[in-house]
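# Architecture and fold: a report
This is what each chain is made of:
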Amino acid sequence: MALISQAGPSYCVQSETVRCKAGRNVGYGLTNNMEGSKVKEVFFSLRLSPSSSLKPLLSLYFDATSESKRGHQVIVAASPPTEDAVVAAEPLTKEDLVGYLASGCKPKEKWRIGTEHEKFGFEFGNLRPMKYEQIAELLNGISERFDWDKIMEGENIIGLKQGKQSISLEPGGQFELSGAPLETLHQTCAEVNSHLYQVKAVAEEMGIGFLGIGFQPKWGLKDIPIMPKGRYEIMRNYMPKVGSMGLDMMFRTCTVQVNLDFSSEADMIRKFRAGLALQPIATALFANSPFTEGKPNGYLSMRSHIWTDTDNNRAGMLPFVFDDSFGFEQYVDYALDVPMYFVYRKKKYINCAGMSFRDFMAGKLPPIPGEYPNLNDWENHLTTIFPEVRLKRYLEMRGADGGPWRRLCALPAFWVGILYDEVSLQSVLDMTADWTTEERQMLRTKVTKNGLKTPFRDGLLKHVAQDVVKLAKDGLERRGFKETGFLNEVAEVVRTGVTPAEKLLELYHGKWGQSVDPVFEELLY
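Chains are numbered independently. Their residues run from 1 in the order of the written sequence. The model is predicted, so local features are restricted to residues of pLDDT at least 70 and side-chain atom pairs to those at 80 or more, both for listing and for counting; the totals for chains, interfaces and linings are taken over all residues. Think of the side-chain values as coming from all heavy atoms in the structure, minus any hydrogens and water.

## Quick look at the overall build of the protein
In terms of helices and strands, the protein carries 17 helices and 22 strands. Buried, partly exposed and exposed residues are distinguished by accessible area as a fraction of the type maximum, computed with a 1.4 Å probe on protein chains only: under 20%, between the cut-offs, and over 50%, respectively. Looking at the protein as a whole, 61% of its 525 residues are labelled buried. Contacts between residues were defined by any pair of non-hydrogen atoms, one from each residue, lying within 4.5 Å. Excluding contacts between residues fewer than 6 apart, the proportion of contacts in the protein whose partners are at least 24 apart in sequence is 75%. Only the protein chains shown count as cover for residues, with accessible areas throughout obtained via the Shrake-Rupley method and a probe of 1.4 Å. Total accessible area on the protein stands at roughly 20,000 Å², and carbon and sulfur atoms take up 50% of it. Runs of H or I in DSSP of at least four residues are treated as helices and runs of E of at least two as strands, each being numbered from the N terminus.

Right, here's the structure in full:
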């Protein structure tokens, strides 16, 4: 459940003009808090044209963190660092929100791979989840030993940043790396290995280990610590009102996802459709969450099942993406109708749970009446939407369970081979063109229990998955970076039809003597 991620640079200081839809100029001021009291303001304008095809010339990147130097450490004031960074000269329009998404378009030579993964920290002695105090010690240790900048919320350390990588905490202390945007899968896997080396170097001295699995296998909600982050407090109170498993999602799930670029609105649409259609196959290939509170839970991907009743206003398979009218504007319409969680002002989260971003745009948001959103508010709102594929200024593939390190490299390999190769992408679109909304939803639901053995049309999903993995391999070969080896982890799964979760269940019923405790060693990073 990565709430903040990155797939491109975080800075933009030039002034340019964007041609969008509505034939008028919109002015914005960017303020960046510098050392002491110096404030630098950069103004630029967006010229909105009547053109129906969005071809942005400007990427809207912001860095509005308040920083103070302490030796070599930089203390970042809060997360997300998006407080009041963009001051609208007039209220935002829907065209501005569309232009924000469209600003992610970039030529193929600038496409990158951003990988994110979460993992459970636990105490070696008793297998209990890491407490916040231990997490704080771990974060401080990594910062001091490996020169990461600290991210603070009030007096609490809640993350780290180094270049374009960041480490953050999910609600129950799940430890997440949001990787830098990288060119090849070799770089991605090297980044993962470097991160795990650094984490283990500090954690093992503390008696802490990390588990690569999709759902907490042993402990109940009451046993999970709560991280001191304002946005999570708002979510924790709101989740039980909109679904039966939202707290499980927050506190007991881990995922791995990959963020990928697009060149145009048309390219985004094709990748979005292919990603959604194939997401159940990714869920099956990486299914790795068969235990709940020490026993089999009846699912191969409990993590994926939890999303079916977390908050259906902001999750799911998004059938409208397959409509002929779909594009950036239609996604904006969808996002505007997703209820808000919060607004971030003066280093504090203001509870707006269930309220309307449309009302905010009209200056009618009850907690801050008369105040209008800026583009950072929109950016923050987009991070609170959780469909199986999510659109920001890039596309996020969100359907896979967390797993051991080799699978952290296999997931981006799977998607890069399909979505970054024109031949494989078109083959997938042709393959899935006649899949119905009902079939896609059926797969989304059934794979959580049946994995690759899910019946589909005249056979099993396994047979479709074999074709898809072959397309991914072919796509990687055509990229020319010798990356196909990263698919080895899923090649065996798709050949046999036996998911990682089924292997764990076999161990549980056999060698492990119906105990989940050995999973902490089996899937230890």
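## Points about the pattern of salt bridges
We define a salt bridge as a contact between a side-chain nitrogen of Lys or Arg and a carboxyl oxygen of Asp or Glu at a distance within 4 Å. Counted by the stated rule, this structure contains 31 salt bridges. Asp337 is the partner of Arg358 in a salt bridge, and the nearest nitrogen-oxygen pair spans 2.9 Å. You can see Arg358 sitting in helix H9 (residues 357-361) and its partner Asp337 sitting in helix H8 (residues 328-337), a full 21 residues away along the chain. Residue Glu439 pairs with Arg457 through a salt bridge whose shortest N-O separation is 2.7 Å. On the criterion of sequence distance, the pair formed by Glu439 in helix H13 (residues 437-450) and Arg457 in the loop between strand S21 (455-456) and strand S22 (459-460) is long-range, its members being 18 residues apart. On the accessibility criterion, Arg457 (44% relative accessible area) is partly exposed. Each of Arg390, Lys392, Glu396 and Arg398 takes part in salt bridges that share partners, so that together they form one network.

## Details of the pairing of strand S11 (residues 208-211)
Along S11, one buried face is formed by Ile208 and Phe210 and the opposite face, lined by Gly209 and Leu211, is buried too. Examined bridge by bridge, strand S6 (residues 113-123) and S11 share four bridges and lie antiparallel to one another. Each bridged residue has a counterpart across the sheet, and for Phe122 the counterpart in S11 is Gly209. What makes two strands pair is DSSP finding at least two bridges between them.

## A look at the confidence of the model for the protein
Looking at the protein, pLDDT values average 88 and 83% of them are 70 or higher. pLDDT expresses how confident the predictor is about each individual residue, on a scale running from 0 to 100. Segment residues 1-72 is flagged for pLDDT under 50; beyond a separation of four residues in sequence, or across chains, it makes 199 contacts in the model.

## Regarding the state of the cysteines
Note on disulfides: each one is a pair of cysteine sulfur atoms within 2.5 Å. If you walk through the whole model with that rule in mind, you get one disulfide. Residue Cys189 pairs covalently with Cys409 via a disulfide, S to S 2.0 Å. Residues Cys189 and Cys409 are joined by a disulfide whose S-S torsion is about 85 degrees; by sign, that bridge is right-handed. With Cys189 in helix H3 (residues 185-203) and Cys409 in helix H11 (residues 405-419), this residue pair connects regions lying 220 residues apart in the sequence. On the basis of relative accessibility, which here comes to 6%, the residue Cys189 falls in the buried class. You can call Cys409 buried: its relative accessible area is 2%.

## Side note on H3
Counting along an α-helix, one turn takes 3.6 residues, and residues three or four places apart therefore face a common direction. End to end, H3 covers 26 Å across 19 residues, agreeing with the expected 27 Å (1.5 Å per residue, within 8%). Buried within H3 we find Leu185, Thr188, Cys189, Glu191, Val192, His195, Leu196, Gln198, Val199, Val202 and Ala203. Under the convention used throughout, the expected extent of a helix is 1.5 Å for every residue step, that is, one less than its residue count.

## Observations regarding the nonpolar core
Nonpolar side chains tend to gather and get buried jointly when the protein is soluble and globular. In this text, buried Ala, Val, Leu, Ile, Met, Phe, Trp, Tyr and Cys residues form a nonpolar core when linked through side-chain atoms within 4.5 Å. Counting 112 residues, the largest nonpolar core has Phe175, Phe272, Leu285, Tyr331, Trp378, Phe414 and Trp415 as the members making the most contacts within it. In terms of residue count, the dominant contributor to this core is helix H6 (residues 265-285) (11 residues). Setting aside its immediate chain neighbours within four residues, Trp378 contacts Leu97, Tyr100, Val332, Ala335, Leu336 and Phe357. Ranked by size, the runner-up nonpolar core spans 40 residues in total, among them Leu127, Met302, Ile306 and Val516.

## A look at the packing of aromatic side chains
Under the pairing criterion, centres of Phe, Tyr and Trp rings, with the six-membered ring standing for Trp, must be within 6.5 Å; the plane angle then separates stacked pairs below 30 degrees from edge-to-face pairs above 60, leaving the rest tilted. Counted according to the given criterion, the structure contains 20 aromatic pairs. Ring geometry for Tyr238 versus Tyr341: centroids 5.8 Å apart, planes at 80 degrees, classification edge-to-face. Linking Tyr238 in helix H4 (residues 230-238) with Tyr341 in the loop between H8 and strand S16 (342-345), this pair joins segments that are 103 residues apart in sequence. Residue Tyr238 shares its accessibility class with Tyr341, and that shared class is buried. Ring pairs connect the aromatic residues Phe272, Phe320, Phe326, Tyr331 and Tyr334, which therefore count as one cluster. For Lys271, the ring lying beneath its charged end belongs to Trp111, and the centroid distance is 3.4 Å. When the NZ atom of lysine or the CZ atom of arginine is within 6 Å of a ring's centre and also within 35 degrees of its normal, the charge is said to sit over that ring.

## Side note on the environment of Thr383
For Thr383, the position within the fold is in the loop between helix H10 (375-382) and strand S18 (386-387). A relative accessible area of 5% means that Thr383 is categorised as buried. Polar side-chain contacts of Thr383 include one of 2.6 Å to the backbone oxygen of Asn380. Between N or O atoms, a polar contact is any pair within 3.5 Å; within protein, one atom must be a potential hydrogen donor and the other a potential acceptor, and residues adjacent in sequence are included only when both atoms are from side chains.

## With respect to unusual backbone geometry
Located in the positive-phi region is Glu293, a residue other than glycine, with phi close to 50 degrees. Looking at the secondary structure, you find Glu293 in the loop between strand S13 (291-292) and strand S14 (295-296). Even without a glycine there, the phi angle at Leu318 is positive, about 45 degrees. Taking relative accessible area as the criterion, Leu318 reaches 5% and is therefore assigned buried.

## With respect to the environment of Phe342
Tracing the backbone shows Phe342 in strand S16. Setting aside residues no more than four positions away along its own chain, Phe342 makes contact with Arg231, Ile234, Tyr349, Ile350, Cys352, Asn380 and Thr384.

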